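If you want the building blocks of each chain, they are given just below.
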Amino acid sequence: MQGGRIMSQVKHKMPEQDAQVRRHNFNEVALGYDAETAKAEAARCLQCKHAPCRKGCPVEIDIPAFIQQVKDGDFVAANSIIRDYNNLPAVCGRVCPQEDQCEKLCIRGIKGEPVGIGRLERFVADFSLGGTCPLPPPPPEVKIGKVAVIGGGPASLTVAGDLARMGYQITLFEALHTAGGVLMYGIPEFRLPKDIVKCEIETLKYLGVEVVVNAVIGKTFTVDELMQEEGYDAVFIGTGAGLPHFMKMPGENLNGVYSANEFLTRVNLMKAYKFPETATPVQIGRNVAVVGGGNVAMDSARTALRLGAENVYIVYRRSRDEMPARAEEVEHAHEEGVIFQLLTNPVQVVGDENGWVKGLECVQMELGEPDASGRRRPMEKPDSNFVLDVETVVIAIGQGPNPLIQDTTPGMDTNKHGNIVADDDGKTTKEGVFAGGDIVTGAATVILAMGAGKKAAASIHAYVQHKKQG
Amino acid sequence: MYKIIKAEELSAGVQSFIVEAPLVARKCQAGQFIILRIDEAGERIPLTIADYDREKGTIQLIFQEVGDTTKQMGKLKTGDYLLDVAGPLGKATEVENFGTVVCIGGGIGVAPVYPIARAYKNAGNRVISIIGARNADLLIMEKEMRSVSDELFITTDDGSAGHKGLVVDPLKDMIAAGEKIARVMAIGPMVMMRGVAEVTRPHGIHTLVSLNPIMVDGTGMCGGCRCSVGGETKFACVDGPEFDGHQVDFNGLMSRARMYHTQERQCKGDGSCHK
Ligand SMILES: Cc1cc2nc3c(=O)[nH]c(=O)nc-3n(C[C@H](O)[C@H](O)[C@H](O)COP(=O)(O)OP(=O)(O)OC[C@H]3O[C@@H](n4cnc5c(N)ncnc54)[C@H](O)[C@@H]3O)c2cc1C
Ligand code: SF4
Ligand code: FES
């Protein structure tokens, strides 16, 4: 492999906990490259002039440049290149759908596997953390404006960080008792250790960002109050897609039916997997059905296994090819023993005489013509109903926008789904109010939320400075 | 951290906390609630705001030591802290001059009914209140309720105070006597609220009940608090907590309230569910 000519066609494997071991614990599944493997993987990069990979990256990280530094063994330089574009590389290296982004366009992927860009990003970020949480340089002392950031997910963390570094006084308002958004309450510990997220939040505090938890905007303060009474020059709304959708099928209110949000929040945020050491319980049956095919569904299914369920089914109405989850998560779920009940749609939850779930009635599906999303439309097969014997059902079919802020903010437009309308720079229809992330796009990805945050930060800066001069 | 300015036992197993929570006290209205967590290992539980003082930035919480968290809370003293208090949450009670309103509080439910009765009174309503408990020792806030009511009825199961019987008894008498009631607000155990709704239903008296299902976030994010009202699924934390008592599926709610009974038995309220 030395000369770079006879390079491996496949990515260097990232060590992982064995599937049979990890399905019983909440420790991180993927263990990350060591320095030697990272350098060897970096050597697979062809340093393409046109760097097609960059075009697949929503924040256009200078991928070949950082990979070159990895190859040369200068991991610190690699980290600072990534950090110029991405505020949360240790997070993105773990949860980005690389196969649909940078790695999808990688030249090496034409013949063989693409460069393991995500794995390299993760390695570089972890190396720079070195198991610690290093402090950033102190921000400017003189403050050039005061901005309120609502929500504590990746969009808001990015806005807060960028503006604090520019010299703004920032207050971040989070409804829950801790910031982090989906990174804290949704994505499980075994995929994204919470210490990494906490480090990002500590970094913000060190930059002078005031983090006010337990503050539900729309209730505790309205957006108008923040601007008119509390003296903020601008407000950023990054409240995510937090409203769980249900199927609206019979039996959904039976005991044993959870929204994925509730199930994951109990386990991740409230640490129900440590019950009774922690006070929040979670109810888990021996047999669990998770409805949906996205990351949220995979996370729920794998969490159910770790809580001790024996049979965990993914019930998804299309086929594996249409599943929106990251390929790696589907793979991991499969290895851990999750049973994929594909081309299957639930029709009702069956209860026992005491109001508990005892089964999930489903119907089999077949794929017809492509629909608006380009995916083949699933159609019910007549007379194919059957009942899955399960005691727990987790509904993971998507989330919409929580209306608390929209309902209390006159003059700010929303679309027909209730998402806030904002332009590319994050400007809403209300002066001084900006928005980005899932609350604008609908449930999407961490990197898109972060990218939206970066643009919004720049546009808030322009707006506030313009206003101050005018 | 939210300081407990004053902890006081109101009756056997019923505690009152005055808590420093200026952001909540600033805006809260009758009918709203907060979500609290005692400590890092604690669960998030909802409690109705029984009273508030905007100037001092404090709120009053009244709770009965029933579950693990409330038993833990019972051990906290003046000067101790709660780790988290989020709110005000939920929709405020609709308050106008409706005419004659009947406010019914059963057991610990008297606490949340009090600020509502006061708000009705201040809006010019004639307020008739009925408060009840199992026995005289468990009866709370009689003085407060009297101060905001034009008439006050007391009922106890054993007759140790007031009328021996249920809170619905004086209500039935009033209706039979031809009292023109514009609305009824009933807060208490689920069976009591259901009972009140059944009494008023045939007479078409608008009846509100305040639900307190199991909650996690209290912001509409988890759906754990869902309940069926008029055949539609509602989230009690954001769509309520008050709903039309004639539309609520009480049986479904009572069933959901049992969801964690097995786990609750593991918690003895002695810290075994907390480290
Ligand atoms: C289980 C799960 C797994 C996922 N896996 C992946 C993955 O592998 N890869 C990936 O790229 N993406 C994944 N996603 C999607 C990704 O997490 C989101 O797209 C991203 O977090 C959106 O960021 P955000 O900043 O817009 O909002 P969020 O992360 O949703 O944060 C919003 C925050 O705002 C707070 N908030 C809401 N309302 C208010 C209010 N009124 N006042 C104050 N605060 C409020 C919320 O409590 C929350 O903390 C996953 C999502 C879930 C649920
Ligand atoms: S496309 Fe692939 S090989 Fe080319 S520069 Fe990007 S990562 Fe390297
Ligand atoms: S408590 Fe979570 S939605 Fe109501």
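Up top is the structure.
All of these numbers come straight from a predicted model, not from anything done at the bench.

Honestly, the overall build of chain B in this entry has me stumped. Any pointers?
For chain B, the helix and strand inventory stands at nine helices and 16 strands. Dimensions of chain B along its principal axes, counting C-alpha atoms only, are 55 × 40 × 35 Å. Counting all 275 residues of chain B, 57% fall into the buried class. Residue pairs at least 24 apart in sequence account for 66% of intrachain contacts in chain B once pairs closer than 6 positions are excluded. For chain B, the accessible surface area stands at approximately 11000 Å², while carbon and sulfur atoms represent 49% of it.

Sorry, what's going on with the overall build of chain A here?
The helix and strand tally for chain A stands at 17 helices and 16 strands. Whereas a compact globule of 470 residues would reach a radius of gyration of roughly 23 Å, chain A reaches 23 Å, a difference of no more than 12%. On the principal axes, the C-alpha backbone points of chain A span a range of 70 × 65 × 50 Å. Across the 470 residues that make up chain A, the buried fraction comes to 58%. Sequence separation of at least 24 residues holds for 69% of the intrachain contacts in chain A that already meet a minimum separation of 6.

What's the story with the site of ligand 1 in this structure? I'm lost.
All names here are of chain A. The environment of ligand 1 is formed by 34 residues, the closest being Val95, Ala155, Glu174, Arg191 and Asp438. Here an oxygen atom of ligand 1 sits 2.9 Å away from a polar atom, N or O, in the main chain of Val446. Compared with its free state, where it exposes 1000 Å², ligand 1 has 95% of that area covered by protein. For the shell around ligand 1, the secondary structure elements donating two or more residues are helix 9 (154-166), helix 14 (295-306) and helix 17 (446-469). In terms of residue count, helix 14 provides more of the shell around ligand 1 than any other element does, three residues in total. Tallied by class, residues from the shell around ligand 1 come to 18 nonpolar, 11 polar and five charged.

I'm lost on the pattern of salt bridges in this one. Help?
Where charged atoms from two side chains of opposite charge come close, those side chains can pair. Residues and elements named next belong to chain A. Across all of its chains, the model carries 42 salt bridges over all chains by this definition. Across the pair Arg54 and Asp62 runs a salt bridge whose closest N-O atoms are separated by 3.7 Å. Overall, Arg54 belongs to the partly exposed group, its relative accessible area being 24%. Residue Asp62 is classed as partly exposed on the basis of its relative accessible area, which comes to 21%. For the salt bridge of Glu336 with Arg306, the shortest nitrogen-to-oxygen distance reads 2.8 Å.

Where do I start with the interface of chain B and chain A in this structure?
Accessible area lost upon the coming together of the parts is a frequently used measure of interface size. The interface of chain B with chain A comprises 46 residues on the first partner and 45 residues on the second. The junction of chain B with chain A conceals about 3600 Å² of combined surface from both sides, 53% of it contributed by carbon and sulfur atoms. A per-residue breakdown of the area chain B buries against chain A is headed by Met221, Arg226 and Met259 of chain B, which together make up 18% of the total. With a closest N to O distance of 4.0 Å, Arg26 of chain B and Glu229 of chain A form a salt bridge. Across the chain B-chain A interface, the total number found is 21 residue pairs in polar contact (both at pLDDT 80 or more). Contributing elements (two or more residues each) for the side of chain B that touches chain A: strand 7 (84-89), strand 14 (226-229), strand 15 (232-235), helix 8 (250-256) and helix 9 (261-266) of chain B. A per-element tally of the side of chain B that touches chain A places strand 7 of chain B first, with six residues. Its residues assigned to classes, the side of chain B that touches chain A comprises 18 nonpolar, 15 polar and 13 charged.

Any chance you could explain unusual backbone geometry here in plain terms?
If a residue is not glycine, its phi is most likely negative; likewise, a peptide bond is most likely trans. Phe275 of chain A connects to Pro276 of chain A through a cis peptide bond whose omega is 5°. Considering the arrangement of structural elements, one finds Pro276 of chain A in the loop between helix 13 (260-269) and strand 7 (287-291). Of note, the bond from Gly87 of chain B into Pro88 of chain B is cis; its omega dihedral lies within 30 degrees of zero at 0°. Within the chain, Met141 of chain B stands out as a residue other than glycine whose phi angle is a positive 60°.

It is not clear to me how the pairing of strand 2 (residues 169-173) of chain A should be interpreted in this structure. Could you clarify?
The side chains of a regular strand alternate, first on one face of the sheet and then on the other. Residues and elements named next belong to chain A. Across the five residues that make up strand 2, a large majority, four, are buried. Viewed along the sheet, the connection from strand 1 (residues 146-150) through helix 9 into strand 2 turns out right-handed. Alignment of strand 2 against strand 3 (residues 210-212), held across three bridges, turns out to be parallel. In the strand pairing of strand 3, Thr171 is matched with Glu210.

I'm lost on the state of the cysteines in this one. Help?
By definition, a disulfide links the sulfur atoms of two cysteines through a covalent bond. In total, this model carries zero disulfides over all chains according to the counting rule given. Looking at the unpaired Cys57 of chain A, the closest cysteine sulfur is the one in Cys102 of chain A, lying at 6.3 Å.

How do you make sense of the site of ligand 2 when you look at a structure like this?
For ligand 2, the full set of nearby residues is Cys45, Leu46, Cys48, Pro52, Cys53, Pro64, Cys106, Ile107, Arg108 and Ile117 of chain A. Residue composition of the shell around ligand 2, grouped by class: nine nonpolar, no polar and one charged.

The rules behind each value
Residues numbered from 1 in each chain as written. Chains lettered and ligands numbered in written order. Predicted model: local features only at pLDDT ≥ 70, side-chain atom pairs only at ≥ 80, totals over all residues. Heavy atoms only, no water. Helix = DSSP H or I, 4+ residues; strand = E, 2+ residues; numbered from the N terminus. Buried < 20%, exposed > 50% of the residue type's maximum accessible area, 1.4 Å probe, protein only. Contact = heavy atoms within 4.5 Å. Areas by Shrake-Rupley, 256 points an atom, 1.4 Å probe, with all protein chains shown as cover. Rg over C-alpha atoms; globule rule 2.2 N^0.38 Å. Near = heavy atom within 4 Å. Polar contact = N/O pair within 3.5 Å; in protein donor to acceptor, adjacent residues only side chain to side chain. Nonpolar A, V, L, I, M, F, W, Y, C, P; charged D, E, K, R; others polar. Salt bridge = Lys/Arg side-chain N within 4 Å of Asp/Glu carboxyl O. Buried area = accessible area lost by both parts, 1.4 Å probe. Right-handed = clockwise from strand over helix to strand, strands pointing away. Pairing = 2+ DSSP bridges. Disulfide = S-S within 2.5 Å.

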